[in-house]
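# Topology and contacts: notes
Below are the chains, spelled out letter by letter.
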Amino acid sequence: MIRVSTILLIVAMALIISGCAIWSGTINKMMPSENRPTDVAFVSDSVTPEQFDRIANELRTTFGRDFPHIERFREAGITSYDGPQTCLKCHEKITFEDLKTGKEKTVDLMRNVTTSVHYRFYSTKHPNVYGFNGELADNFRMGKINRPCPKPGSFAMTAWAAPVVLENGDTLSEGCGQCHIGGQPTAPLGEMMPGYRTRDSEKEAIDCLICHSVGYDMNKRQVASDNKGRWYWDQDRSMRAAMTVTQPTSQACLRCHQHNLAGDIYVDNANPSFHESIINAGTNRPRVKHPGSKRGTPFTPAWDVHAAAGVNCIECHQTEGHYIAKGTHTTTMMTNDVPDVEVACQNCHGAEPHTEGEFADFYNDHLDKIACQTCHIPNLQEDNATYRDFANPVFEKDPGIWVYDDIKKETEPGKGIIYAWWNGDCTFLGNPIGDNPNGENLYSFYKPTHIWPEFADFDYGSWYEKVMRPIARKGRPSKIYPMKLFNGRQHIDLQNMGPFGGMYLPYNLPTYYTTGDADKAAEVEMQNSMMKRMYGWMFDVYMMDKFMRFMEVDGWNRCAYNDAASNKKVEPRWIPVDALLEISHAIRREGALTCNDCHSQNGVMDFKALGYDDAEVSSLMEER
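Okay, so let's go over this structure.

Basis of the calculations
Residues numbered from 1 in each chain as written. Predicted model: local features only at pLDDT ≥ 70, side-chain atom pairs only at ≥ 80, totals over all residues. Heavy atoms only, no water. Helix = DSSP H or I, 4+ residues; strand = E, 2+ residues; numbered from the N terminus. Buried < 20%, exposed > 50% of the residue type's maximum accessible area, 1.4 Å probe, protein only. Contact = heavy atoms within 4.5 Å. Areas by Shrake-Rupley, 256 points an atom, 1.4 Å probe, with all protein chains shown as cover. Lys, Arg positive; Asp, Glu negative; His and termini not counted. Charge placed at Lys NZ, Arg CZ, Asp CG, Glu CD. Core = buried A, V, L, I, M, F, W, Y, C linked by side-chain atoms within 4.5 Å. Pairing = 2+ DSSP bridges. 1 Å grid on protein atoms, 1.4 Å probe; cavity = no way out; pocket = protein on both sides within 12 Å on 5 of 7 lines; lining within 4 Å. Points joined across faces, edges and corners; volume = space filled by probe spheres on them. Patch = residues over 30% accessible without salt bridge, like charges linked within 9 Å, V, L, I, M, F, W, Y side chains within 5 Å. Salt bridge = Lys/Arg side-chain N within 4 Å of Asp/Glu carboxyl O. Phe/Tyr/Trp six-rings, centres within 6.5 Å; stacked < 30°, edge-to-face > 60°. Lys NZ or Arg CZ within 6 Å of the ring centre and 35° of its normal.

## Some thoughts on the overall build of the protein
Each helix and strand counted, the protein has 25 helices and 18 strands in total. For the protein, the C-alpha atoms occupy an extent of roughly 80 × 70 × 55 Å along the three principal directions. Going through the 624 residues of the protein one by one, you find that 53% of them count as buried. When contacts within the protein are restricted to residue pairs at least 6 apart in sequence, those whose partners lie at least 24 apart make up 72%. Only carbon and sulfur atoms are counted for the fraction: they give 51% of the accessible area of the protein, which is about 27600 Å². Computed over 64 positive and 81 negative side-chain charges, the separation of the two mean positions in the protein equals 6 Å.

## With respect to the nonpolar core
Counting 93 residues, the largest nonpolar core has Phe 428, Tyr 446, Met 468, Met 503, Met 534, Tyr 535 and Phe 547 as its most contacted members. For this core, the element with the highest residue contribution is helix H18 (residues 460-474), accounting for seven residues. Leaving out residues up to four positions away in the same chain, Phe 547 has contacts with Phe 140, Met 142, Pro 148, Phe 428 and Met 503. Core analysis: the next-biggest nonpolar cluster, separate from the first, contains 29 residues, Phe 73, Tyr 81, Tyr 119 and Ala 242 among them.

## Observations concerning the sheet that holds strand S3 (residues 129-130)
Taking strand neighbours across the sheet as the criterion, the three strands line up as S3-S13-S14 in an open arrangement whose pairing is mixed. Two strands close off the open sheet at either side, each with one partner strand: S3 and strand S14 (432-433). Pairing analysis gives two bridges linking S3 to strand S13 (residues 425-427), with the strands arranged parallel. If you follow Tyr 130 over to S13, its bridge partner there is Thr 427.

## Description of the pairing of strand S16 (residues 501-504)
The pairing of strand S15 (residues 479-498) with S16 spans four bridges and is classified as antiparallel. Across the sheet, the residue bridging to Met 497 is Gly 502, located in S16. A loop of two residues connects S15 with S16, the two strands running antiparallel in sequence.

## Considerations on empty space enclosed by the protein
Per the stated rule, a full pass over the model turns up three cavities of 30 Å³ or more. Of the volumes computed, that of the largest cavity is approximately 70 Å³. Looking at the largest cavity, it is lined by 15 residues, and the ones nearest its centre are Gln 184, Thr 186, Ala 187, Pro 188 and Glu 202. A volume near 50 Å³ is recorded for the second largest cavity. Around the second largest cavity, the lining residues are Arg 147, Pro 148, Phe 428, Leu 429, Gly 502, Met 503, Tyr 504, Phe 547 and Met 551. Top contributing element to the lining of the second largest cavity by residue count: S16, with three residues.

## Considering the environment of Ile 210
Mapped onto the elements of the fold, Ile 210 is located in helix H9 (residues 209-212). The class of Ile 210 is buried, set by a relative accessible area of 4%. Not counting residues within four places of it along the chain, the set of residues in contact with Ile 210 comprises Ile 181, Tyr 216, Met 218, Arg 221, Ala 252 and Arg 255.

## Some remarks on a negative patch on the surface
A cluster of acidic residues, Glu 352, Asp 361, Asp 365 and Asp 368, forms a negative patch on the protein surface. Structurally, the position occupied by Asp 368 is in the loop between helix H16 (360-365) and helix H17 (372-376).

## Considerations on the packing of aromatic side chains
Summed over the entire model, instances satisfying the criterion amount to 32 aromatic pairs. Members of the aromatic cluster, joined through ring pairs, are Phe 132, Phe 445, Tyr 446, Phe 458, Tyr 460, Trp 463, Tyr 464 and Phe 500. One residue, Arg 388, lies across the ring of Tyr 404, its end atom 3.7 Å from the ring centre. Above the plane of the ring of Trp 452 lies Arg 573, whose end atom (NZ or CZ) is 5.1 Å from the centre.

The values reported here are purely geometric and, on their own, carry no functional implication.
This is how it looks when you write it as structure tokens:
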């Protein structure tokens with residue numbers, strides 16, 4: 001008998017050969033109606049020559065600089081900004097330096113954008129991510145678009161753009177789409193399928209200015225409804241924003257990324273320009289401000305020497321057009337446009353960065369075992385979230401919603417920051433892979449602290465020695481890195497789980513925020529058409545079976561849907577082992593850890609946990 005997957009492959013290849021447009025249309029028809037792309041009518045203004053001049057003068061006064069596009073628009077007679085079609089009049093192609101070969105390369109700009117991580121929300125190559133089955137999680141479409149996470153408590157597939165209506169009638173804006181450059185009412189789900197070509201309606205909804213405009217108004221970034229009642233994220237398509245186009249600044253990047261680095265609460269009062277998203281949260285449907293920072297490492301002048309020095313993000317995170325290098329070291333973000341390009345301190349500071357003071361040579365000698373961040377990130381911002389419990393939300397009077405309970409907010413070394421040997425590779429759930437390079441030792445990065453009762457007899461030690469230690473040793477040399485500790489408690493489908501974790505059930509966020517009933521919020525979201533599809537045969541064949549194998553689970557149990565949708569065989573649980581997230585921002589020169597912070601009886605580093613025996617620990621205590 002011919003397998004269903006084989007028939008699907010034959011049909012798919014036939015459609016691809018017959019034409020990508022037909023194939024892309026077929027993919028979208030297979031989606032639920034609410035997840036299909038549509039034409040979105042964004043508001044753009046049209047200005048007179050006199051208004052143009054007034055805006056230009058106001059921009060020069062406000063920002064104290066000239067913007068090249070002012071004169072370009074004036075010469076071209078451009079008096080309104082209509083989205084990407086305005087940009088493409090001059091920027092149909094883009095030329096950049098290939099980061100691997102150093103050669104100049106010219107490509108189609110829109111193709112470059114729509115195949116980037118910032119648009120797709122996933123990448124296919126993950127050369128440093130290993131499943132708990134020991135297999136490299138490579139050649140697999142995975143990222144924020146389809147990966148569950150107990151940090152936001154939701155899926156990008158379902159929680160994209162939603163209004164949260166409060167008891168007093170006020171409306172808040174919520175959903176993953178607020179940090180996406182697309183403007184559709186849904187995540188770009190078609191992009192996950194082989195051979196898909198981005199539709200014109202999807203291209204025309206892209207928000208170029210949120211990254212490229214200095215004068216972008218984040219107050220306009222709030223949910224709006226179209227004439228079909230579908231919610232999407234509005235954009236600033238004003239001429240004022242278009243006239244301030246530049247290469248992306250740090251402030252522009254942080255419109256989205258400060259959410260993960262410092263959260264939605266902290267503002268650097270000395271320079272609030274780094275917090276546009278917090279200060280300008282929306283005019284009449286403000287975005288939900290989420291307490292608790294994912295990493296606790298603000299990139300602001302008060303916290304980071306690079307921000308204080310005026311270094312822009314893309315000076316370190318090099319680009320190939322709209323492909324942006326993240327580096328080869330990661331524990332949580334599987335998506336990476338150029339995964340073989342390193343982002344490292346040594347790129348600018350060299351192999352021996354310490355040149356001043358009597359201990360300079362001593363510090364440089366440490367660099368073969370100690371990462372720069374270990375000393376130069378001495379603590380985390382106070383709103384850092386360490387343990388997050390979704391099952392028992394708490395009520396916030398302002399703005400009047402129920403939110404998860406961050407039951408621990410640790411900031412100090414040894415508590416919020418844990419030190420681990422790391423070679424840059426990671427497990428499927430954010431555990432850094434590495435090994436003490438001193439030979440035989442007891443170091444193990446995977447020691448479950450929340451063992452689930454179904455796996456009380458699972459031999460994690462033998463698994464580690466058989467599966468993970470060989471991976472750690474064959475990889476790059478390990479160094480001691482600082483890691484931000486995190487764990488989340490969220491509803492788990494008990495019929496789709498294994499010894500290392502299971503499938504999280506997402507929460508319907510409007511329900512969660514307004515009722516504080518986590519069970520009900522999970523039930524409501526399970527009725528979403530995309531959740532039904534996720535438990536259907538197509539997702540099983542194409543994605544979920546492979547996903548679960550990386551979790552060391554035999555396969556995806558799609559028959560569990562009815563139980564999960566009615567909150568049966570479902571239970572809120574902590575991840576079996578605390579996740580350790582890479583931290584690389586909030587770099588301090590003043591206040592960095594010194595010798596005594598580590599090499600003392602009450603030092604911040606647990607050398608025994610790092611695999612050193614008693615004699616080695618005694619020796620390390622004397623190295624001051």
